[in-house]
Amino acid sequence: MVEPAPATDLQPLRRHILGMEGVPKEEIEILLDLSESYIDQNRQDDKKSSILRGRTLINVFFENSTRTRTSFELAGKRLGADVINMSVSSSAIKKGETLIDTAMTLNAMHPDVLTVRHADSGAVQLLSEKVTCSVLNAGDGSHEHPTQALLDSLTIRRRKQKLEGLVVAICGDIIHSRVARSNIYLLNTMGAKVRLVAPRTLLPDAIENFGVAVHHNMESGIRDADIIMMLRLQTERMQGSYVPSTREYFRFFGLDREKLAIAKPDALIMHPGPMNRGIEIDSELADDINRSVIHEQVEMGVAVRMACLDIATRNLSRDSAGNG
Amino acid sequence: MTDRTAYINARVLDPATETDRMGSVLVLGNKIVEWGTGLFENGIPENVRIVDCHGYCLAPGLIDMRVHLPEPGGEHKESFETASAAAAGGGVTSIVCLPDAQTPIDNISVLEFIARRARETNIVKIYAYGTITRNRAGNELSEFGILAEAGALAFTDGDKALADALVMRRALSYAATFNFLIIQHPEEPRLALNGQMNEGEMATRLGLAGIPAAAEVMMIERDLRLVEMTGARYHAAHISTAASVNAIRNAKTRGLPVTCDTAPHYFTLTDSSVMDYRTFTKVSPPLRDEKDRLAIVEGVLDGTIDMIGSDHRPQDQDSKRLPFLQAETGIVGLETLLPLTLALHHVENVPLIDLIRRLTAAPANLLGMKEGRLGIGLPADFTIFDPDHSWTIKADNLRSKSKNTPFDGHTVKGMAMCTVVGGRHVHSLID
């Protein structure tokens with residue numbers, strides 16, 4: 001058994017982690033520092049600690065996911081929690097149960113944490129208002145995906161030793177991306193310079209008001225960038241034609257070696273996955289271990305989710321002690 | 001016992017005759033027999049019941065020209081009884097039902113059903129529109145003439161835009177033959193596809209698909225070309241954007257037979273109210289930005305916007321306690337129509353009579369109703385209201401069966417003190 005991570009002096013005071021909008025720098029730093037300690041735990045033979053022993057974690061996924069659900073599942077198990085996975089799309093919803101009824105039903109089973117993914121923006125917040133346990137947003141519609149942004153920042157910070165002042169280019173399907181929104185909030189809070197690179201059809205209205213520089217071509221967008229974050233073209237959320245073809249998209253907005261040369265020589269390539277090889281990123285480039293940190297992101301994901309579970313349940317203890 | 005009633009000590013507001021002065025009204029049975037300033041100068045005759053209006057305003061009964069009454073099919077959201085009670089409480093004496101309940105008003109049996117239920121309920125007057133197209137499908141025209149004979153006041157596909165330019169041209173052209181009015185829900189549906197709220201910074205922040213403001217004006221502008229071609233009477237419903245106000249203003253300058261209305265939420269709220277995914281703010285067309293809100297206020301001020309309708313659309317909890325994307329659109333408005341409209345008097349200094357006109361004579365003239373004005377021999381439908389009475393809207397206290405108001409907790413000024421329909425007090429706080 002591994003010892004629990006040392007308690008930090010200053011703890012975020014939130015029971016739910018629903019988004020990165022408005023989360024102060026100090027809280028982000030606490031989460032990232034705590035995540036660091038879990039990286040070591042995950043690399044040992046004995047990966048299990050007991051700080052969530054007796055706690056029940058339910059992964060409630062209204063939208064299909066493999067990596068995020070697995071990541072949360074591992075995070076919970078390595079902290080000693082009992083973990084249940086629920087794919088709601090295949091059960092209650094088909095029988096007509098509403099989101100709130102599902103929330104109340106789960107709540108009655110006394111879980112300590114629900115990690116929730118839903119195809120509708122705002123659905124996780126709605127659910128969180130109806131339960132007494134902690135809720136971690138595992139992605140809601142096109143709104144937020146806070147643990148992805150945290151794991152991205154942890155990955156960057158470990159490679160670049162800082163976040164402040166770095167130029168981060170987020171490229172591709174911004175309009176549908178909850179990853180982009182969470183990253184914009186978090187990176188701005190941490191003092192990074194965020195650029196968005198996309199054709200106009202893939203940028204939401206008024207995005208320039210979010211503290212970002214908007215570019216419509218890769219050349220200017222990734223010039224001298226420290227980090228290039230490629231996003232998946234979310235064809236499943238696309239009604240109609242946002243881009244003429246994947247071939248044309250790759251030609252102008254896909255990342256290949258030629259375009260990469262415009263960025264800083266040590267620029268890192270990131271992708272939240274799952275990748276569309278040959279659509280937003282050159283297949284060979286994605287596998288280049290000198291430039292691509294895509295697998296490292298996945299590793300950091302487990303650590304970040306352990307930190308989030310840790311923090312959320314610490315606050316939960318206080319709540320159940322009568323302060324909630 | 002007498003069946004004459006004298007309403008005395010009232011500030012009589014009658015937009016049709018530009019009357020705004022202290023006076024009285026004498027009612028015999030269900031009709032007005034005398035009204036004016038000099039009435040009862042020589043004392044009130046005997047055997048007359050007296051209602052002291054305490055100096056409150058007495059205006060023609062309010063007409064809410066935009067009410068979604070979901071019966072038949074949606075009785076769990078609102079029935080004729082609850083809608084009528086809400087209307088009476090809000091000072092509304094006549095409501096006009098939009099034909100977009102579960103059963104569209106595209107044949108006379110539905111109009112007959114509404115007429116029967118209105119008779120049974122017998123609280124306020126209930127009128128209805130017919131659909132422009134059968135089943136509101138946007139393809140084949142409804143039987144305008146037959147529906148009009150059965151009571152349809154005008155034709156509209158409710159909350160669905162008639163998008164097909166050819167069908168719209170023919171609808172206008174055919175309507176012009178009989179001088180019928182066509183009412184459009186102006187929104188280019190393809191541009192609004194999947195949209196959940198106004199396109200803009202708030203929609204981007206919430207990750208909700210937006211409906212651009214331009215979707216409204218481009219439908220209006222297309223329709224205005226068709227109005228020019230056909231000469232038909234055209235009404236743009238619940239306009240919500242600055243560009244729409246400009247388009248209608250220009251059309252009126254060009255002499256086109258065009259009118260429009262708006263709903264109180266478009267001059268009261270903006271899309272910033274949607275924050276935290278408040279589904280009670282989900283409405284069609286969506287709440288717009290501050291620039292649009294101000295333009296709507298300006299449109300009422302300068303007369304471009306002819307009428308105000310509540311766009312009352314009851315939704316039960318099950319239709320609203322959902323993720324924003326899944327929630328139904330709609331705001332209940334019958335009970336808040338008067339005070340929210342009066343805010344334009346209290347805050348923007350619009351003369352009271354100009355606001356009351358938009359709730360009485362203007363919709364009555366547009367729809368060919370005999371109500372909406374005071375006059376000898378006309379129905380004794382009027383609303384006695386205190387324009388300065390301050391109160392706080394409480395969703396739970398609404399008479400509507402559904403409580404979907406974004407104005408819960410808002411303090412407003414203006415309250416119906418007595419609502420009179422055909423000489424009967426269907427709501428009263430003064431006798």
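Residues numbered from 1 in each chain as written. Chains lettered and ligands numbered in written order. Predicted model: local features only at pLDDT ≥ 70, side-chain atom pairs only at ≥ 80, totals over all residues. Heavy atoms only, no water.

Peer 1: Where do I start with the sheet that holds strand 13 (residues 233-236) of chain B in this structure?
Peer 2: Pairing between sheet strands relies on hydrogen bonds along the backbone, with the strands arranged either parallel or antiparallel. Residue and element names in this part refer to chain B. Spatial ordering of the open sheet is given by 6-7-8-9-10-13-14-15, a layout of eight strands whose pairing is parallel. Here the strands that pair on one side only, and so sit at the sheet edges, are strand 6 (62-67) and strand 15 (307-308). Bridge count between strand 8 (residues 125-130) and strand 9 (residues 152-156): two bridges; the pairing is parallel. Looking at the pairing, Ala128 lines up with Ala152 of strand 9. Sitting on the sheet, helix 7 (residues 242-253) touches strand 13 and strand 14 (258-262), and the angle it makes with strand 14 is about 150°. (Pairing = 2+ DSSP bridges. Helix = DSSP H or I, 4+ residues; strand = E, 2+ residues; numbered from the N terminus. Contact = heavy atoms within 4.5 Å. Axes fitted to C-alpha atoms, helices over the stretch in contact; angles between N-to-C directions.)

Peer 1: Just to check I follow, could you spell out the domain arrangement of chain B for this structure?
Peer 2: As a measure of interface size, the accessible area lost when the parts come together is often cited. Residues and elements named next belong to chain B. As far as domains go, chain B holds domain 1 (4-58 + 380-428) and domain 2 (61-367). Computed over C-alpha atoms, the centres of domain 1 and domain 2 are 26 Å apart. Listed per partner, the contact involves 40 residues of domain 1 and 49 residues of domain 2. Note on domain 1 versus domain 2: buried area summed over both sides is about 3,300 Å², and carbon and sulfur give 64% of it. Put simply, domain 1 and domain 2 have three salt bridges between them. Taking the shortest distance from any N to any O, the salt bridge between Glu18 and Arg357 comes out at 2.8 Å. (Domains from an automatic or database assignment. Buried area = accessible area lost by both parts, 1.4 Å probe. Salt bridge = Lys/Arg side-chain N within 4 Å of Asp/Glu carboxyl O.)

Peer 1: Any chance you could explain the pattern of salt bridges here in plain terms?
Peer 2: Once the charged atoms of two side chains with opposite charge are near each other, the side chains can pair. All names here are of chain B. Inspection of every chain in the model, using the stated rule, returns 38 salt bridges over all chains. Taking the shortest distance from any N to any O, the salt bridge between Asp100 and Arg313 comes out at 3.6 Å. Here Asp100, found in the loop between strand 7 (92-97) and helix 2 (108-121), pairs with Arg313, found in the loop between strand 15 and helix 10 (317-320); they are 213 residues apart in sequence, far enough to count as distant. Looking at Asp100, the relative accessible area reads 9%, which means it is buried. Residue classification places Arg313 among the buried residues on the basis of a relative accessible area of 16%. Measuring nitrogen to oxygen at the nearest pair gives 3.6 Å for the salt bridge that ties Lys370 to Glu371. (Buried < 20%, exposed > 50% of the residue type's maximum accessible area, 1.4 Å probe, protein only.)

Peer 1: I'm lost on the packing of aromatic side chains in this one. Help?
Peer 2: Working definition: an aromatic ring pair is given by the centre-to-centre distance plus the angle between the planes. All chains considered together, the criterion is met by nine aromatic pairs over all chains. Joined through ring pairs, the aromatic side chains of Phe144, Phe155, Tyr174, Phe178 and Phe180 of chain B make up one cluster. (Phe/Tyr/Trp six-rings, centres within 6.5 Å; stacked < 30°, edge-to-face > 60°.)

Peer 1: How should I be thinking about the side chain of Glu144 of chain A in this particular structure?
Peer 2: Within the secondary structure, Glu144 of chain A sits in the loop between strand 4 (134-140) and helix 5 (146-160). One buried charge, Glu144 of chain A, has no salt-bridge partner; the nearest side chain with opposite charge is Arg205 of chain B, at 7.9 Å. Within the structure, Glu144 of chain A has its side chain in polar contact with the backbone nitrogen of Glu21 of chain A (distance 3.0 Å). Engagement of the side chain of Glu144 of chain A in a polar contact is seen with the side chain of Ser182 of chain A, the distance being 2.5 Å. (Lys, Arg positive; Asp, Glu negative; His and termini not counted. Polar contact = N/O pair within 3.5 Å; in protein donor to acceptor, adjacent residues only side chain to side chain.)

Peer 1: Whenever I open this one, the sheet that holds strand 9 (residues 268-270) of chain A confuses me. Can you help?
Peer 2: All names here are of chain A. Taken in spatial order, the five strands make up an open sheet running 7-6-5-8-9, and their pairing is parallel. Of all strands in the sheet, those with a lone pairing partner are strand 7 (213-215) and strand 9, marking the two edges. Pairs of neighbouring strands in the sheet enclose a mean axial angle of 20°, with direction left out of account. Here strand 5 (residues 167-171) runs beside strand 6 (residues 193-197); their pairing, made up of five bridges, is parallel. Following the sheet pairing, Ile170 is matched in strand 6 by Leu196. Against the sheet, helix 5 makes contact with strand 8 (227-230) and strand 9, and its axis sits at roughly 165° relative to strand 9, the strand it touches most.

Peer 1: So what exactly am I meant to see when it comes to the interface of chain A and chain B here?
Peer 2: Every contact between the two is made by 24 residues of chain A and, on the other side, 17 residues of chain B. Of the roughly 1,600 Å² buried at the junction of chain A and chain B (both faces included), carbon and sulfur atoms supply 54%. Of all residues in chain A, the largest losses of buried area upon contact with chain B belong to Asp120, Ser121 and Asp205 of chain A, amounting jointly to 27% of the total for that side. The interface formed by chain A and chain B contains one salt bridge.

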